[in-house]
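In case you want the letters, here they are:
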Amino acid sequence: MIAVLTFVLLTGLPPQPGVWRPASLAAQQTASQGAGRSSAAPVLQSSLLNQKDSVRFGVIGDTGTGGSAQYAIAKLLADARARFPYEFVIMLGDNMYGGESPADFVNKFEKPYKPILDAGIKFYATLGNHDETSQRFYKPFNMDGKRYYTFKKDDVEFFVLDSTYMNPPQVEWLKDALSKSSAKWKIAYFHHPLYSSGKKHGSEEDMRLIVEPLFVQYKVDAVFAGHEHFYERIKPQKGIYYFTAGGSAKLRSGNISSRSTITDKGFDTDNSFMLVEITKDEMRFDTISRKGKIVDSGALAHRQAEDKGERTSASLR
């Protein structure tokens, strides 16, 4: 049965050193009011629990510039492991802008993420519209030569799609993979967002007509996408929660529409990345800016954790 989605801001966690800079409850409440684009990055309390048996991962999107912003976010992502030892990182496409020579892969991936790679942390990539399909053979992207694929971490299964070429064979594969999945948590990710308030691109409505019915039928819990160079958390749509996290190297400042009716939280004034923790009954997340501030955080209840009702979002307070 479709569950009620609630966002919970934890206020009882003790301050800890590292990326996060906890603020007072009053400051958190003020910062978290309202939806849409943030004019400044508020400082919130981390929602992450760091439970022993949880599935923990990082989320980055539209990263392949080789520029200073990419390196800055990469350093924060590496430093975050001291407090939140995530096990892997998902990449939301546009992994390489411009050239894709061996030197490009070094400068736009291997160098910025060297501390993470050296620690044995795996990256799982999807392809964006700026990516050559040959990237699927690049071993550090862990795509195993496939444009679309699945992987599983404990009771969480990830469905990785190629949204640039959403052809009938891929749709049939997705339907088959979802129908056969026995995982409690089903997470999909790809490059183009099905829902977006971006003035540059907006929602990929054609693709939504194709894949959303499958997501609804087979009870996908959450979807991550890039393409838009900012962060956006969408109000739950048909029981599914959507995140756009394409601002990990590029930034499209001020691009989230102020007239949006689907934005629950937006941040388009600096680069950002996400940290996610999935426990037995919750998916918790922090979104962190290039200044090291948490600009969004919360907890998503699993469908089976609620008795009835359609998923809705509550303000963080």
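Before reading further, recall that the structure is shown in the block above.
Conventions and cut-offs
- Residues numbered from 1 in each chain as written.
- Predicted model: local features only at pLDDT ≥ 70, side-chain atom pairs only at ≥ 80, totals over all residues.
- Heavy atoms only, no water.
- Helix = DSSP H or I, 4+ residues; strand = E, 2+ residues; numbered from the N terminus.
- Polar contact = N/O pair within 3.5 Å; in protein donor to acceptor, adjacent residues only side chain to side chain.
- Pairing = 2+ DSSP bridges.
- Axes fitted to C-alpha atoms, helices over the stretch in contact; angles between N-to-C directions.
- Contact = heavy atoms within 4.5 Å.
- Expected span 1.5 Å × (residues − 1).
- Bend = angle between axes of the 7 residues up to and from the residue.
- Buried < 20%, exposed > 50% of the residue type's maximum accessible area, 1.4 Å probe, protein only.

Draft legend 1. Representation of the side chain of H227 in the model. Considering the arrangement of structural elements, one finds H227 in the loop between β7 (222-225) and β8 (231-237). A polar contact is formed between the side chain of H227 and the side chain of H191, at a distance of 3.1 Å.

Draft legend 2. Main features of the sheet that holds strand β3 (residues 122-125). Read across the open sheet, the six strands follow the order β3-β2-β1-β11-β12-β13; overall the sheet is mixed. Strands with a single pairing partner mark the edges of an open sheet, and in this sheet they are β3 and β13 (294-301). Taking each pair of neighbouring strands and ignoring which way they run, the sheet shows an average axis angle of 20°. In this sheet, β3 lies alongside strand β2 (residues 88-91) in parallel orientation, the contact comprising four bridges. When the sheet's bridge partners are listed, M91 is paired in β3 with A125. On top of the sheet, helix α2 (residues 68-79) reaches β1 (55-60), β2, β11 (272-278) and β12 (282-289); it is set at about 25° to β11, its chief contact.

Draft legend 3. Structural context of helix α6 (residues 205-217). Spanning 13 residues, α6 covers 18 Å between terminal C-alpha atoms, matching the ideal 18 Å at 1.5 Å per step. Along α6, the helix axis deviates most sharply at V211, where the bend reaches about 40°; the proline P213 sits within four residues downstream. All of the buried residues along α6 are M207, R208, V211, E212, L214 and F215. Contacts from the buried residues of α6 go to α5 (168-180), β6 (185-189), β7, β8 and β9 (240-245).

Draft legend 4. Looking closely at the sheet that holds β6. If you trace the seven strands from one edge of the open sheet to the other, you get β4-β5-β6-β7-β9-β8-β10, paired in mixed fashion. In this open sheet, the two strands that pair with only one neighbour each are β4 (149-153) and β10 (263-267). Looking at each pair of strands side by side, their axes are set apart by 15° on average, direction ignored. Here β7 pairs with β9 via four bridges, running parallel. When the sheet's bridge partners are listed, A225 is paired in β9 with T244.

Draft legend 5. Region of the structure containing the pairing of β11. Judged by how many residues are buried, β11 sits mostly within the fold: seven of seven residues are covered. A two-sided burial pattern is seen for β11, the buried positions comprising S272, M274, V276 and I278 on one face and F273, L275 and E277 on the other. With five bridges connecting them, β1 and β11 associate as antiparallel partners. Of the residues in β11, the one forming a bridge with G58 is L275. Where β11 meets β12, seven bridges bridge the pair, whose relative direction is antiparallel.

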